[in-house]
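# Structural characterization, general
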Amino acid sequence: MSGIRIWLATAVHAADLARHAAATALGVPPQEVEIGREPSGRPWVVGATGLHLAISHHPGLTAVAVTTLGPLGVDVEPVRDLPADGLAKRWFSPAEADWVVGHPADFLLLWTQKEAVGKALGVGLRGGGLRRPMPLPPASTLTVTVPGLPSMAVAAWTRDGSVLGLACDAAAALGAPVTVSTFAHVPSGEGENAARPRSSR
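The following refers to the structure shown. Everything quoted here is computed from the prediction, not taken from an experiment. (Residues numbered from 1 in each chain as written. Predicted model: local features only at pLDDT ≥ 70, side-chain atom pairs only at ≥ 80, totals over all residues. Heavy atoms only, no water.)

Across a regular strand the side chains alternate sides, sitting on one face of the sheet and then on the other. The element strand S6 (residues 72–78) is largely enclosed, with a buried count of 6 among its 7 residues. When S6 meets strand S9 (residues 162–169), the two strands line up antiparallel, connected through 7 bridges. When the sheet's bridge partners are listed, Asp75 is paired in S9 with Gly165. (Buried < 20%, exposed > 50% of the residue type's maximum accessible area, 1.4 Å probe, protein only. Helix = DSSP H or I, 4+ residues; strand = E, 2+ residues; numbered from the N terminus. Pairing = 2+ DSSP bridges.)

Turning our attention to the packing of helix H2 (residues 84–91) against helix H3 (residues 94–102). In contact at an axis separation of 8 Å, H2 and H3 are set at 175° when each is read in the N-to-C sense. Taken together, the axis directions place H2 and H3 in an arrangement best described as roughly antiparallel. Seen from H2, the contacting residues are Ala84, Asp85, Ala88 and Lys89; seen from H3, they are Ala97, Val100 and Val101. Among the residues forming the contact of H2 with H3, the class breakdown is 5 nonpolar, no polar and 2 charged. (Axes fitted to C-alpha atoms, helices over the stretch in contact; angles between N-to-C directions. Parallel < 35°, antiparallel > 145°, perpendicular 65-115°, else oblique. Contact = heavy atoms within 4.5 Å. Nonpolar A, V, L, I, M, F, W, Y, C, P; charged D, E, K, R; others polar.)

The next thing to look at is the packing of aromatic side chains. Tallying each qualifying case throughout the model produces 3 aromatic pairs. Both rings, one in Phe92 and one in Phe107, keep their centres 5.2 Å apart while their planes meet at 20°; by these two values the pair is stacked. Of this pair, Phe92 sits in the loop between H2 and H3 while Phe107 sits in helix H4 (residues 107–121); the two residues are 15 residues apart in sequence, bridging distant segments of the chain. In terms of burial, Phe92 and Phe107 fall into one category: buried. On the basis of relative accessible area, Phe107 is assigned to the buried category, the value being 3%. Through pairs of rings, three or more aromatic residues link up here, namely Phe92, Phe107 and Trp111. In this arrangement the basic side chain of Lys114 is found over the ring face of Phe92, its NZ or CZ atom lying 4.8 Å from the centre. (Phe/Tyr/Trp six-rings, centres within 6.5 Å; stacked < 30°, edge-to-face > 60°. Lys NZ or Arg CZ within 6 Å of the ring centre and 35° of its normal.)

What follows concerns the pairing of strand S8 (residues 149–159). Sheet topology places strand S7 (residues 144–146) next to S8; 3 bridges connect them, and they run antiparallel. Across the sheet, the residue bridging to Thr145 is Ala153, located in S8. Between the end of S7 and the start of S8, which pair antiparallel, lie 2 residues, with Gly148 showing a positive phi angle near 85°. Taking the residues between adjacent antiparallel strands as the criterion, S8 and S9 are bridged by 2 residues, where Asp160 takes a positive phi near 50°.

This part takes up the sheet that holds S6. Ordered in space as S6-S9-S8-S7, the 4 strands form an open sheet in which the pairing is antiparallel. Looking at the sheet topology across the chains shown, the edges are occupied by S6 and S7. Going across the sheet, the axis of each strand differs from the next one's by a mean of 30°, ignoring polarity. Seen against the sheet, H4 touches S6, S7, S8 and S9 and runs at an angle of roughly 150° to S6.

In short, geometric facts, not functional conclusions.
Structural data, given as structure tokens:
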């Protein structure tokens, strides 16, 4: 596969969507895909060397990203009203908190990027990940890298009422195409009831 593919779904179990996404990338039935977990919690596709997988879920919303480029992370959050200034002052660096004061609607763009980078590194937000600096303003395509992590391409954008953050730790990820497919549901049997995806980007 080329680039990065993200699968977005509502009311779908994360494991089902992950199997569907990996199966599509590998060209095999979903029933043949097994998802494992590293000790850190990072998911991986058993027996699929070179295929990288990332999962994010929020109640009623799941995102799964797959690529062969390198370790990646994805985060999804529904667009909603938040006390952006207060949260930014509590969790972000002073420079980012000051930036959010002037751009409160972009708080979740920064948050999802930080989550995605932590997942790509395999450490989540532990060890001060929320204070890890991000490019400002956040890029909506993989055209920038994280300060201090020159191979970590990062992006965040809003789509269909959700904010998606994406990070990939590979030089080849910079400028790589990203495709998003949206599903209403992914049946466990993947049979005639499977929803047709809508793709973009």
